[in-house]
Amino acid sequence: MEYLKTPPTVDELDNLLGMLGMEPRELMRKREAEYKELGLDNESLTRDQLIAAMVEHPRLIERPVAISGNRAVLGRPTERVLELV
């Protein structure tokens, strides 16, 4: 999926986080300008607020993510993708 052109929905991203076993901040690119500009380092933000920010600003989503069936892994390092085989 080209998620920069067609961002995931809140439900899709929530489901992906579940498959990855991650919380939103773990899947965020913290060096993106939007992260600082939106104040996403604020610890009082809720999980739902962080997911909404990622949907609205998909560049914040760490990549690549590989999905196979109901399993997913963050493809960094690339060898992690082999866990899906």
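Reading the values: the criteria
Residues numbered from 1 in each chain as written. Predicted model: local features only at pLDDT ≥ 70, side-chain atom pairs only at ≥ 80, totals over all residues. Heavy atoms only, no water. Helix = DSSP H or I, 4+ residues; strand = E, 2+ residues; numbered from the N terminus. Rg over C-alpha atoms; globule rule 2.2 N^0.38 Å. Buried < 20%, exposed > 50% of the residue type's maximum accessible area, 1.4 Å probe, protein only. Contact = heavy atoms within 4.5 Å. Areas by Shrake-Rupley, 256 points an atom, 1.4 Å probe, with all protein chains shown as cover. Lys, Arg positive; Asp, Glu negative; His and termini not counted. Charge placed at Lys NZ, Arg CZ, Asp CG, Glu CD. Core = buried A, V, L, I, M, F, W, Y, C linked by side-chain atoms within 4.5 Å. Salt bridge = Lys/Arg side-chain N within 4 Å of Asp/Glu carboxyl O. Pairing = 2+ DSSP bridges.

On to the overall build of the protein, then. Along its length, the protein carries three helices and two strands. The C-alpha atoms of the protein give a radius of gyration of 13 Å, which matches the 12 Å a tight globule of 85 residues would have. Taking the principal axes of the C-alpha coordinates as reference, the protein spans close to 40 × 25 × 25 Å. Put simply, the protein has 85 residues, and 35% of those count as buried. Taking the contacts inside the protein whose residues are at least 6 apart along the sequence as the reference set, 52% of them involve residues at least 24 apart. Accessible surface, the protein: about 5,600 Å² in total, of which carbon and sulfur atoms supply 51%. On the protein, the mean spot of the 12 positive side-chain charges and the mean spot of the 16 negative ones are 6 Å from each other.

Counting residues in hydrophobic clusters, the biggest one holds 19 residues, and the most contacted among them are Leu13, Leu27 and Leu40. At five residues, the largest contribution of residues to this core is made by helix α3 (residues 47-56). Excluding anything up to four places from it in sequence, Leu13 contacts Pro8, Leu27, Ile51, Met54, Val55 and Ile61.

Within this structure, the stated rule accounts for eight salt bridges. The salt bridge partner of Glu43 is Arg25, with a shortest N-O separation of 4.0 Å. Separated by 18 residues along the polypeptide, Glu43 in the loop between α2 (33-37) and α3 and Arg25 in the loop between α1 (10-20) and α2 bring together distant segments of the chain. By relative accessible area, Glu43 is classed as exposed at 65%. Judged by relative accessible area, Arg25 falls into the buried class, the value being 17%.

A few words now on the pairing of strand β1 (residues 65-68). Taken residue by residue, a regular strand's side chains alternate between the two faces of the sheet. Relative to strand β2 (residues 71-74), β1 runs antiparallel, the two being bridged by four bridges. Bridge pairing in β2 links Ser68 to Arg71. Where β1 folds back on β2, the antiparallel hairpin that results is connected by two residues, among which Gly69 adopts a positive phi of roughly 65°.

Before going further, it helps to spend a moment on the environment of Val55. Along the polypeptide, Val55 turns up in helix α3. A C-alpha to C-alpha distance of 9.6 Å links Val55 and Glu12, two positions 43 residues apart in sequence. Filtering out sequence-adjacent residues up to four positions away, Val55 remains in contact with Pro7, Pro8, Thr9, Val10 and Leu13.

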